[in-house]
Amino acid sequence: MPFPLIKLISAKALFSTSAFLFMAAQATAATSENIETVVVEGTKTNAALNENTTSATELTKQQLESSLAEHFQQVAVNAPGTWVSRGSGVEHLTALRSPVLTGAGSCGAYLATEDGIPLFAKNLCNVNQLMVTDFKSANNVAVLRGPQSGLFGGNALFGVLNINTNAASHAKANKQKFAIGQSTLGYSSAAIDLTNNSNDNTQGLSGRLTHNNSPRESAYYNQQFLHAYQQVKKNNYQRTDSLSLMNLEQETAGYIYGDEAYKNSDLAKGNSNPEAYRDARNIRGYSKFEWQNSAQSTSATPYFRHNEMQLLMHFVPWQPVEKNQHSSAGLQLQHTRHIANTAFTVGQDLEFTSAELTEIQYKPAPFNQAAFPEGTHYDYNVTAINAGWYIRAEWQANEKLTLTPTLSANVDTLKYRNNVDAGYACENQDNCRFYRPASKTDTFKVFSPTLTASYKLNSNNTLFTRAAQGYRTPQATELYRLQSSNQTPLSHITGTSYELGLSGALHSLNYALSAYTMRVNDDILLDSERRFINNINTQHKGLEYAMTWQASQSLSFNASGTHALHTYAKSPTTNNTDSNLDGALLDTAPKNMHQASVRWQASTATTWQLHWEKMGKYYTDSAASQEYEGHQLFHLSHSWQPSNSYVLRTKISNLLNTRYAERADYAFGEARYFPGLDRRLTLELSVYW
């Protein structure tokens, strides 16, 4: 889709500001003194946990490869406070220190990035956005929990998930790898990973073909990934070029219905929506230019993306077809300069997006056809400009104390154009479910501060505290895909978090502990009059832990988890309830999520691992009248590597063949579930040369 020339005057002004900011940074760098380089917050997950001043978890390449994961949920379970709730095929909902959020703007609660660049435009995200990245071929995955808007801007309300590809790994060794895997429940995958390095210049190519023939009726998907990259180095200069492509064809299985239906093997293999599908294509590319010496570093990263998707909305009874696409071009600028014992960083993120969406119902609704008519419900275009600026100072007050304040300012402008008649989509407006507002422009301006302090208790242990404010602005679907004409203007949602943590090492034990409290104000809900309004305040409190213990040369233990309370801080004021929900638990918000594993190096060639994961019980409706009991799963893994040329990995997932639900929900008066998979054996052979 061609990228339109929009907001030309505004674009010139923004780029002029960028140029001024960058020239000022370069000019002041001329007199900089030579001190130790300080790594920018958000990239610290490649260092040891006791060097972090924020709650961060790095899922390493070894973890990604050895997991034999079919879905992102199977690796995300290793990060405290993180739940990637698995749906059908590649579908998922993500929670970081939060309940699993649903609805039009739920994807804006966290930010998903690859090599630091958002996977989707910030006001046009998708709840299944992790599907476009080949995480199994990544160098690592960083999970940053808590508000991160100080550096990342919008959508980093509860945190950030960043997939670092091999393009960002700065690997120097030549590597050639081919891997093929198969499970007894129909999942098969073939991948290739080629890396060539000469004279510090690196070229890489990776690809993956995946076919998943689900045990559920009429459900499968085919997905292909391709990633090409190169790194060119010369003295203090480096350029990284990256191009990623993804294609998905999925036949989707919907919910199964009935109280504890997931415990019935026949129901669990059924599919109430065999007609459902999701097709998606994605292409992303960037070039990162970096200049660095002992006193300063500068980077400029122009990038582009294109997403397009078509799906049958099987999760609503009237089942319309949605088509959406957007194309973006952006630029990330950053400059760090060291003055005495302080590292100053300034930066700007700028992005232009052109998007379109249609929703068309082709068949009569199963009920109340006047309120859910056939035909076009929505047809609109959005052009968006997202601009953000940030400044950060990392001050080494003394040998033990480091203070890091960050301040960001962000402006989101969305120009909406309605392509059908404005107003209701029904002939009779009474109870009509679809309303198309007239064309308009919306602008949101937000400031976001963060303050972090870390104190080295000794050479191995660090105490840290953090106060941060995150935000998200309304998604386009909350602004323009309306259900009522009686709509009030929406504002941005903010979350303020306070955190205290301790991380480090005690002999052979590495650990990270944190306690946090966070209040989210003015979150958006759909009220009884079907209006989107800023009317929810919620409170989130939790304890998180992560630890590894090397008991001996051959035996090690790993554990992580969270105990959290997610509650209403202010009861929503809607016209259809007199209930006071102040202090009540939010739905789809388990108090407890834990995992642990024991790893035994039986010989130089053989490794065994037993992994346990626990999902606590949670309510499935806002009235707390329906509940999912939770579950525990065990997985057994084996790795055999007799030489450097190949490795055979084996995994038995759901070892005890437990009947469980990946996600439980209660809607339209019924309990509904995405059932968990039965016990299965997965084998993968990797060949290196």
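Here is what the cut-offs are and how they apply
Residues numbered from 1 in each chain as written. Predicted model: local features only at pLDDT ≥ 70, side-chain atom pairs only at ≥ 80, totals over all residues. Heavy atoms only, no water. Helix = DSSP H or I, 4+ residues; strand = E, 2+ residues; numbered from the N terminus. Rg over C-alpha atoms; globule rule 2.2 N^0.38 Å. Buried < 20%, exposed > 50% of the residue type's maximum accessible area, 1.4 Å probe, protein only. Disulfide = S-S within 2.5 Å. Patch = residues over 30% accessible without salt bridge, like charges linked within 9 Å, V, L, I, M, F, W, Y side chains within 5 Å. Areas by Shrake-Rupley, 256 points an atom, 1.4 Å probe, with all protein chains shown as cover. Salt bridge = Lys/Arg side-chain N within 4 Å of Asp/Glu carboxyl O. Pairing = 2+ DSSP bridges. Phe/Tyr/Trp six-rings, centres within 6.5 Å; stacked < 30°, edge-to-face > 60°. Lys NZ or Arg CZ within 6 Å of the ring centre and 35° of its normal. Core = buried A, V, L, I, M, F, W, Y, C linked by side-chain atoms within 4.5 Å. Contact = heavy atoms within 4.5 Å.

Visitor: I'd like a description of the overall build of the protein, backed by residues and values.
Guide: Summing up its helical and strand segments, the protein has 6 helices and 36 strands in all. Here the C-alpha radius of gyration of the protein, 25 Å, is about what a compact globule of 689 residues would show, namely 26 Å. Judged by the C-alpha coordinates and their principal axes, the protein covers about 70 × 60 × 45 Å. Looking at the protein as a whole, 55% of its 689 residues qualify as buried.

Visitor: Give a detailed account of unusual backbone geometry, specifying residues and quantitative values.
Guide: One non-glycine residue with positive phi stands out, namely Arg97, at about 50°. Its place among the elements puts Arg97 in the loop between β3 (92–96) and β4 (111–114). When its relative accessible area of 3% is taken as the criterion, Arg97 is described as buried.

Visitor: Explain the state of the cysteines to me, using residue names and the numbers behind them.
Guide: Applying the stated criterion to the full structure yields 2 disulfides. Each disulfide pairs two cysteine sulfurs, and for Cys107 the partner residue is Cys125, the sulfurs being separated by 2.0 Å. On the sign convention where negative is left-handed, the bridge of Cys107 and Cys125, at about 80° about the S-S bond, is right-handed. Of this pair, Cys107 sits in the loop between β3 and β4 while Cys125 sits in the loop between β5 (117–118) and β6 (140–145), and the two are 18 residues apart along the sequence.

Visitor: Explain the environment of Ala142 to me, and be specific about the residues and the numbers.
Guide: Relative to the helices and strands, Ala142 resides in strand β6. Put simply, Ala142 and Leu59 are 83 residues apart on the chain and 6.3 Å apart in space, counted from C-alpha to C-alpha.

Visitor: Tell me about a nonpolar patch on the surface, residues and numbers included.
Guide: Judged by side-chain polarity, Phe178, Ile180, Ile192, Leu685, Val687 and Trp689 come together as a nonpolar surface patch covering roughly 530 Å² of accessible area. When residues of the nonpolar patch are traced back to their parent elements, those giving at least two are β8 (175–183) and β36 (680–688). Residue placement: Trp689 occurs in the segment after β36. Note on Trp689: relative accessible area 57%, which makes it exposed.

Visitor: Lay out the sheet that holds strand β1 (residues 56–60) with the relevant residues and their values.
Guide: Overall, mixed pairing links the 5 strands, which are arranged β1-β6-β7-β4-β5 in an open sheet. The open sheet has two edge strands with one neighbour each: β1 and β5. As paired strands, β1 and β6 are joined by 5 bridges and run antiparallel to one another. From the neighbouring strand, Ala56 faces β6, where its bridge partner is Leu144.

Visitor: Break down the packing of aromatic side chains for me, citing the residues and quoting the values.
Guide: The description of an aromatic ring pair uses the distance of the two centres, along with the angle that the planes make with each other. On inspection of all chains with the given rule, the structure shows 18 aromatic pairs. Aromatic pair Phe367 and Phe372: ring centres 5.5 Å apart, planes at 80°, arrangement edge-to-face. By relative accessible area, which is 3% here, Phe372 ends up buried. Ring centres 4.2 Å apart and planes at 5° place the aromatic pair Tyr416 and Tyr480 in the stacked group. Taken together, the positions of Tyr416 in strand β19 (residues 401–418) and Tyr480 in helix α6 (residues 476–480) put the pair 64 residues apart, joining distant regions of the chain. Taken as a pair, Tyr416 and Tyr480 share a single burial class, namely buried. Chaining the aromatic ring pairs together yields one cluster made of Trp83, Tyr262, Tyr618, Tyr628 and Tyr673. Note that Arg97 overlies the ring of Tyr516, its terminal NZ or CZ placed 4.1 Å from the centroid.

Visitor: If you had to explain the pattern of salt bridges to someone new, which residues and values would you point to?
Guide: Counted under the stated rule, the structure contains 24 salt bridges. With its nearest N and O atoms 2.7 Å apart, the salt bridge here joins Glu359 to Arg481. Within this pair, whereas Glu359 is found in strand β17 (residues 342–361), its partner Arg481 is found in the loop between α6 and β24 (493–506), the two being separated by 122 residues in sequence. Across the pair, exposure class does not vary: Glu359 and Arg481 are buried alike. Between Arg672 and Asp665 there is a salt bridge, with its nearest N and O atoms 2.9 Å apart. One continuous salt-bridge network, built from bridges that share partners, spans Glu65, Lys177, Arg649 and Glu684.

Visitor: Please set out the nonpolar core residue by residue, giving values where relevant.
Guide: Of all hydrophobic cores here, the largest spans 68 residues; its most connected members are Phe72, Leu130, Val141, Leu161, Leu414 and Tyr480. Looking at which element gives the most residues to this core, the answer is strand β18 (residues 375–396), with 4 residues. Once you skip the residues sitting within four places of it in the chain, Leu414 turns out to touch Asn123, Val382, Thr383, Ala384, Lys440, Thr441, Asp442, Phe444, Ala476, Leu479 and Tyr480. Counting 17 residues, the second-largest nonpolar core is a separate cluster that includes Met593, Ala661, Ala664 and Tyr673.

Visitor: Kindly report on the sheet that holds strand β35 (residues 670–675), identifying the contributing residues and their values.
Guide: If you trace the 3 strands from one edge of the open sheet to the other, you get β13-β35-β34, paired in antiparallel fashion. Since the sheet does not close on itself, it has two edges, and those belong to β13 (256–257) and β34 (661–667), each with one partner. Relative to β35, β13 is paired through 2 bridges, and the arrangement is antiparallel. By the bridge assignment for β35, Tyr257 is matched with Arg672.

Visitor: An account of the pairing of β34 is needed here, citing residue identities and associated values.
Guide: Of all 7 residues that make up β34, 6 are buried, and the element is covered over most of its length. Both β34 and β35 contribute to a ladder of 6 bridges, which runs antiparallel. Across the sheet, residue Ala664 finds its bridge partner in β35, namely Tyr673. Hairpin connection from β34 to β35: 2 residues lie between these consecutive antiparallel strands, with Phe668 at a positive phi of about 55°.

Visitor: Got a sec to walk through the environment of Leu526? Specific residues and values, please.
Guide: Summarising the element assignment, Leu526 is placed in strand β25 (residues 509–526). Relative accessible area serves as the criterion here: at 39%, Leu526 is assigned to the partly exposed category. Taking the C-alpha atoms as reference points, Leu526 and Glu478, 48 residues apart in sequence, are found 9.3 Å from one another. Sequence-distant contacts of Leu526, defined by excluding residues within four places in its chain, comprise Gln483, Arg531 and Phe532.

Visitor: Go over the environment of Leu525 with me, naming the residues and quoting the values.
Guide: In this structure, Leu525 sits in strand β25. Look at Leu525 and you get buried, because its relative accessible area is 11%. For the pair Leu525 and Gly108, spaced 417 residues apart in sequence, the C-alpha to C-alpha distance is 14 Å.

Visitor: Would you mind going over the side chain of Ser653 in detail, with residue names and values included?
Guide: One can find Ser653 in strand β33 (residues 646–653). Residue Ser653 is classed as buried on the basis of its relative accessible area, which comes to 2%. Leave out the neighbours within four places in its chain, and Ser653 touches Phe634, His635, Asp678, Arg679 and Arg680.

Visitor: Give me the pairing of β17: which residues, what numbers.
Guide: Within β17, 15 of the 20 residues are buried, which leaves the element mostly enclosed by the surrounding structure. In this sheet, β17 lies alongside strand β16 (residues 321–339) in antiparallel orientation, the contact comprising 19 bridges. From the neighbouring strand, Ser328 faces β17, where its bridge partner is Thr353. Hairpin geometry of β16 and β17 is characterised by an intervening segment of 2 residues between the two adjacent antiparallel strands and by a positive phi of about 55° at Ala340.

So far we have only geometry, and geometry alone does not tell us how the molecule works.
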